[in-house]
Each structure stands twice: as C-alpha cells, then as structure tokens.
Amino acid sequence: MGRLIRCITSDGCVTAMALDSTDIVSAAEKYHQTSAVVTAALGRLLTAASMMGNMLKGERDTLTLRITGDGPIESIVASSDADGNVRGYVGNNVVEIPLKPNGKLDVSSAVGRGSLYVLKDLGLKEPYSSTVPLVSGEIAEDITSYYATSEQTPTVCALGVLVNPDLSVKVAGGYIIQLLPFAGDDIIDKVERGINGIRPLTAMLNEGMTLEQIVGEALCEFEVEVLYEEQTCYKCNCSRERTERVLKSLGAEQLRSLAAEQETTSVKCHFCNKSYNFTSEQLQKLAEK
C-alpha cells in the first residue's frame, strides 16, 4: 500500500501533498514487466495521478493523465479514483536507451516531445479536459506546467523512482506543493528558498525519511500541520461484466463476425494484463442481447 499525506502551513497559505508510492510502482512493474526507464516514467505518472486524484472532491470522481510523445515509450496512461488508487499502462513496456551523463535514467528522451492530456470526470454532462505541451518529458515539470497553464495555480511538483539493478523498485514517491490565492510575495520567497535547497526526492526516501520529514524539509521556513493521511494502492477495476459491456458496444454485427472467425475470443485488460475469454456461443448470446 502507498501512504499519502495532505498538509497545510500554519498561516494557511500553502498546501502540500506527499506520497510514498513504492508499492504502487512495484505492482505496476510486475504487471507490465517494464524496463528500468519505463518503470521510472510510468511510476512518476502514477504517483502524480494518485495525488491529483486524491484532490478530487466527489467520491465517484476520476482523473486520467495521458502522455503521448515521439520517444520510444510512445504513450503513458495513469488513471486514479478520488481515494488516490491508481492503475496505468504504457505503449511500449521495454525501452533501452543510454543513461544520462550523471548516471540517471533518461526519462525525458524515452518520452520525447509531445503533450500531456488531463481528463477529470466530475459526474457532469461533459468531463473536464485540458491539453498542454510537454515542457521537458521529465513529467514532474510537465505537471507543474499543467497547473500553471490550465488551473492558474502556482505549483511545485517533484516525482522520483529509484530502480534496482534487478529492475525491481527500490523507492518511489512524490510531492505537490501549491500556493493558495492569497499568498503574498513573502510566502512565495519562503517556498522558493526551501525548494531550492532540498535534496533529490529519491535520496530522501532511500535514506528512510518519512513523508512528514520530506514536506518539512521542502517547507523548512513554515510550521506544517498534517490534515489527514490515506492508504492508496495499484487497483484495477476490470471484471468480466465490464468486459461484456465493452464487447456489446461493438454491435451485434461485429460480435457475430468475431464468433464466426474463431472458437474463443480473448480480451486483455491494458491495466493489469488479465485476459477474459469468450466462446463463440457466448459472443452469439451477447449479440442477441
């Protein structure tokens, strides 16, 4: 399970959210058998989606982040419910490219140039959607750009995934810091000083620092109060019933065509790779419905 905390400064001018997503990203790596740089990219987007999803107000609200780029990963999708439970997938699960000169995984080159799409289903007639160009492909900077461009909210986002030599996930996490509308220039200066002096997120997680300590280091010039904490996880809500509804949406003619082509039709979930098998007879019955 991932651990998420939501905080506010004592002056009420700054909010912060932090997530230890190690277990979430580990589950994603096991489901999709990703290479190291793909694990880092998918893990960062899953972490961001979990925190952003937890900000939603309605119990049934959902959020989906999608990145499409001209890099070898091709695309990344992460979807979250209002509790911060997430699931995701990538266009290409195995990408091998050289490390950066500093020895870090080159996520930006794997993602390439492209766009970040944000979709919020808030239970209204039409979902909220926004598209912003990628500014770096490092994902954290792209999330920061989205908030500045589409929501006009001054935001700092940090995301990190540390992958072991055996491709397992050592640590993963992130934080989002946002200024409330009435924050003055003095508050902005204090936040900037804290962020400029902070160490890399994965280094702090790897040292065993708690989320509270990480937020405290980022907002070192403030008194910080934890409002609540939650447990989040990698959660796929696929089922045979949902798959049947997807098949029905193809229409009777297409279902009969599938039934005639092969004895068994297999439908695989993008998010967890679980397969649901339907015989020709079962497809015929769906077509009749």
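For the structure itself, consult the block above.
Residues numbered from 1 in each chain as written. Predicted model: local features only at pLDDT ≥ 70, side-chain atom pairs only at ≥ 80, totals over all residues. Heavy atoms only, no water.

Considerations on the sheet that holds strand E6 (residues 114-121)
What links the strands of a sheet is backbone hydrogen bonding, and the strands pair in either a parallel or an antiparallel sense. Note the cut-off: Pairing between strands requires that DSSP locate at least two bridges from one strand to the other. Helix numbers and strand numbers start at the N terminus; a helix is a DSSP run of H or I with at least 4 residues, a strand a run of E with at least 2. For helices, the axis comes from a line fit to the C-alpha atoms of the stretch in contact; other axes are also lines fit to C-alpha atoms, and the angle between any two N-to-C directions lies between 0 and 180 degrees. Contacts are assigned to residue pairs that have any heavy atoms within 4.5 Å of one another.
Overall, antiparallel pairing links the 5 strands, which are arranged E5-E4-E3-E6-E7 in an open sheet. Two strands in the sheet have a free side with no partner beyond their single neighbour: strand E5 (86-90) and strand E7 (128-133). Geometrically, the sheet is characterised by an average inter-axis angle of 10 degrees between neighbouring strands, direction not taken into account. Here 8 bridges tie strand E3 (residues 62-69) to E6, and the two strands are oriented antiparallel to one another. In the strand pairing of E6, Thr62 is matched with Asp121. Packing of helix H2 (residues 36-54) onto the sheet brings it into contact with E3, strand E4 (75-81) and E5, and relative to E4 it is tilted by some 30 degrees.

Considering unusual backbone geometry
Trans peptide bonds make up the majority, and among non-glycine residues the majority have a negative phi. Applied cut-off: Burial classes follow relative accessibility: with a 1.4 Å probe on protein chains only, a residue under 20% of its type's maximum area counts as buried, one over 50% as exposed, and anything between as partly exposed.
Residue Gln33 is not a glycine yet carries a positive backbone phi of 50 degrees. You can see Gln33 is positioned in the loop between helix H1 (22-32) and H2. What makes Gln33 exposed here is its relative accessible area of 52%. Positive phi values are uncommon outside glycine, yet Glu74 reaches one of about 80 degrees. Mapped onto the fold, Glu74 is located in the loop between E3 and E4.

Some words on the pairing of strand E12 (residues 275-279)
Taking every second residue as pointing to the same face, the buried face of E12 carries Tyr276 and Phe278, while none of Ser275, Asn277 and Thr279 on the other face is buried. Direction of pairing for strand E11 (residues 264-268) relative to E12: antiparallel, over a ladder of 5 bridges. In the sheet register, Thr265 faces E12, and the bridge partner there is Phe278. The hairpin formed by E11 and E12 contains 6 residues between the paired strands, and Asn273 there has a positive phi angle of roughly 65 degrees.

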